[in-house]
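Structural overview for review
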Amino acid sequence: MPSLRSQPELVPSPRGPLPKWCALGVAVVSMVMATILFQETVVGWVCVAVLLLSLCPLVHGIFLFLEEVVNHNNRYRGHSVLAHPWDCGLMRPLLFIVLSSVVLRLSGSPLPLPHLWILLWLCPVLYAALRSLGVLVLSEVELSDICETRQMNVAHGLAWSFYLGYLQLVLPRLEEAISAFCASHQSSASLWSRGSKRLFILIPINANISHKLENEDERVHFYDSLPNSQLDRGGVRGRVYKHSVYRVFNHKGQAHDCVLEYATPLLTLHSMSQDRSAAFGEPQRREQVLLFYRTLRDILERSLECRNRYTLILLNDEHEGDPHYLSKCILRHLHQQDTEEYPILPSPRIHPPQPEQTPLTAQGQHMGAWGGHRGQDLSKDPTLMFSTDTPRTLRGPVETSDGFKPKHNGYS
């Protein structure tokens with residue numbers, strides 16, 4: 001059975017700082033080259049460049065600020081929008097404009113200022129016009145990066161809701177429920193391995209969830225339900241939480257029992273992709289499903305209450321040709337958990353009789369370098385061992401077994 005590590009990596013990793021490092025590297029190299037070329041006027045040109053780059057977002061921020069003052073003053077809960085200029089992007093550009101102007105004034109660099117004023121006037125105006133026309137806007141990658149960094153995606157909200165409203169409540173009670181189930185179903189107790197006493201959460205990438213797993217794979221059969229858990233939640237007394245036990249068969253007909261269910265928030269993503277007003281197409285749905293999986297995995301890995309009580313199974317949507325893809329994927333996770341997380345010890349073997357050993361040879365095999373016993377004695381409880389030899393003095397000669405008496409060394 002192939003290992004899960006051999007599957008292609010489908011979950012996107014968080015975006016790294018490569019663009020920032022590239023920008024900083026190019027800026028440093030450009031500054032060095034400008035210093036070599038312009039020498040005395042390099043400070044002035046740098047200040048003018050900072051002025052141009054700061055004036056452009058400042059003018060655009062002023063237009064945004066006017067929109068907030070005229071039409072959206074009620075968004076600030078009674079506070080005036082004048083107290084929130086930072087939200088319109090005015091403070092950072094204004095700070096850099098002041099600093100660059102002061103440095104340019106103090107440096108006294110001989111620059112052709114009459115021609116520069118034209119650029120200082122036209123660049124901000126054209127920048128604001130291009131931003132309004134949709135030419136200079138944030139790219140899809142930048143928007144995705146902002147949403148992922150600030151956890152503003154639909155997937156982040158669904159993952160946190162699924163954890164706080166469901167998994168955090170039921171997973172700490174799961175092991176007790178499985179034990180009660182095995183006690184009442186003696187025929188099923190032998191089909192539960194240590195790795196299967198978890199909640200297996202199925203996450204299909206296409207978000208297409210079937211309400212009956214038997215319709216997805218005929219080797220997955222519903223067996224019974226775990227004892228219900230009741231909690232007072234959101235004003236509902238005795239809200240019932242329940243889990244279904246499924247029996248999964250392999251190609252040899254061997255059965256394994258486990259608790260299976262789909263991640264129900266994926267139904268929301270699938271319904272959004274079917275509604276035109278949500279503006280949520282299939283590519284966006286796939287991206288959000290993968291982000292949901294990654295976010296939920298990160299949340300559960302940091303949760304002490306849910307540790308070792310769950311298994312997330314990401315189902316690829318490119319398995320239409322295999323009618324038993326679901327059962328194979330579940331059994332693969334079960335096999336990996338039983339062999340890696342709970343290693344199976346080899347069964348004891350009957351060793352052939354060993355040849356008779358002399359007392360000295362046997363003693364050499366069972367005595368360690370420090371005089372302790374080795375081998376099978378390590379598995380026994382420690383005992384106190386007392387010597388039966390008569391105490392001897394250190395002053396006199398020691399007589400060995402062969403009758404040899406060493407000479408006295410003169411120390412007493």
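To be clear, the structure that these remarks concern was listed above.
Below, the structure is looked at part by part. Just so it is clear, the model here is predicted, and its values are computed rather than measured. (Residues numbered from 1 in each chain as written. Predicted model: local features only at pLDDT ≥ 70, side-chain atom pairs only at ≥ 80, totals over all residues. Heavy atoms only, no water.)

What to know about the nonpolar core
This is how the line gets drawn: What we call a nonpolar core is a set of buried Ala, Val, Leu, Ile, Met, Phe, Trp, Tyr and Cys residues that are connected through their side-chain atoms within 4.5 Å. Buried, partly exposed and exposed residues are distinguished by accessible area as a fraction of the type maximum, computed with a 1.4 Å probe on protein chains only: under 20%, between the cut-offs, and over 50%, respectively.
Ranked by internal contacts, the top residues of the largest apolar core, which has 61 residues, are Leu167, Ile203, Leu260, Phe292 and Leu296. Among the nonpolar cores identified, the runner-up in size contains 11 residues, and Leu58, Leu90, Leu116 and Leu120 belong to it.

Overview of helix 10 (residues 282–301)
Put simply, the test is: Where helices and strands are cited, they refer to DSSP runs of H or I of at least four residues and of E of at least two residues respectively, numbered from the N terminus. Here, expected helix span is obtained from the residue count minus one, scaled by 1.5 Å.
Taking 1.5 Å as the rise per residue, helix 10 with 20 residues should run 28 Å; its terminal C-alpha atoms sit 29 Å apart, in good agreement. Residues of helix 10 that are buried: Arg285, Gln288, Val289, Leu290, Leu291, Phe292, Tyr293, Arg294, Thr295, Leu296, Ile299 and Leu300.

Some words on the sheet that holds strand 2 (residues 220–225)
Filter applied, for reference: At least two bridges found by DSSP between two strands is the condition for calling them paired. Angles run from 0 to 180 degrees between N-to-C directions of axes, and those axes are lines fitted to C-alpha atoms, restricted for helices to the stretch in contact. Contact definition: two residues touch when any of their heavy atoms are within 4.5 Å.
Across the sheet, which stays open at both edges, the 5 strands sit in the order 2-5-6-1-7 with mixed pairing between neighbours. Sheet topology places strand 2 and strand 7 (310–315) at the edges, where each strand pairs with a single neighbour. Geometrically, the sheet is characterised by an average inter-axis angle of 40 degrees between neighbouring strands, direction not taken into account. With 4 bridges joining them, strand 1 (residues 199–204) and strand 6 (residues 255–262) adopt parallel strand pairing. Following the sheet pairing, Leu199 is matched in strand 6 by Val259. Contacting strand 1 and strand 7, helix 10 crosses the sheet at an angle of about 165 degrees to strand 7.

Section: a nonpolar patch on the surface
Put simply, the rule is: Exposure above 30% relative accessible area and no salt bridge define the residues that can form patches, which grow by joining like charges within 9 Å and nonpolar side chains of Val, Leu, Ile, Met, Phe, Trp and Tyr within 5 Å. We get accessible surface area from the Shrake-Rupley algorithm with a probe of 1.4 Å; when it comes to residues, only the shown protein chains can shield them. Salt bridge, as used here, is a side-chain nitrogen of Lys or Arg placed within 4 Å of a carboxyl oxygen of Asp or Glu.
A cluster of nonpolar side chains, namely Ile118, Trp121, Leu122, Val125 and Leu126, defines an oily patch on the protein surface of about 510 Å² accessible area. Locating Val125 in the fold gives a position in helix 4 (residues 113–132).

A short note on the pairing of strand 4 (residues 236–241)
Strand direction decides the pairing type here: strand 3 (residues 229–233) and strand 4, joined by 4 bridges, are antiparallel. Residue pairing across strands places Leu231 opposite Arg239, the latter belonging to strand 4. Linkage of strand 3 to strand 4, two consecutive antiparallel strands, is achieved through a turn of 2 residues, within which Gly234 is found at a positive phi near 60 degrees.

Side note on the pattern of salt bridges
Side-chain pairs of opposite charge can arise where the charged atoms are in close proximity. Across all of its chains, the model carries 4 salt bridges by this definition. Residue Arg285 pairs with Glu282 through a salt bridge whose shortest N-O separation is 4.0 Å. Highlighted residues: Arg285 and Glu282, both in helix 10, separated by 3 residues, approximately one helical turn. Classification of Arg285 by relative accessible area gives buried; the value is 9%. Accessibility expressed as a relative area gives 57% for Glu282, which makes it exposed. Among the ionic pairs, Arg297 bridges to Asp298, the shortest N-O distance being 3.6 Å. For Asp298, a relative accessible area of 27% puts it in the partly exposed group.

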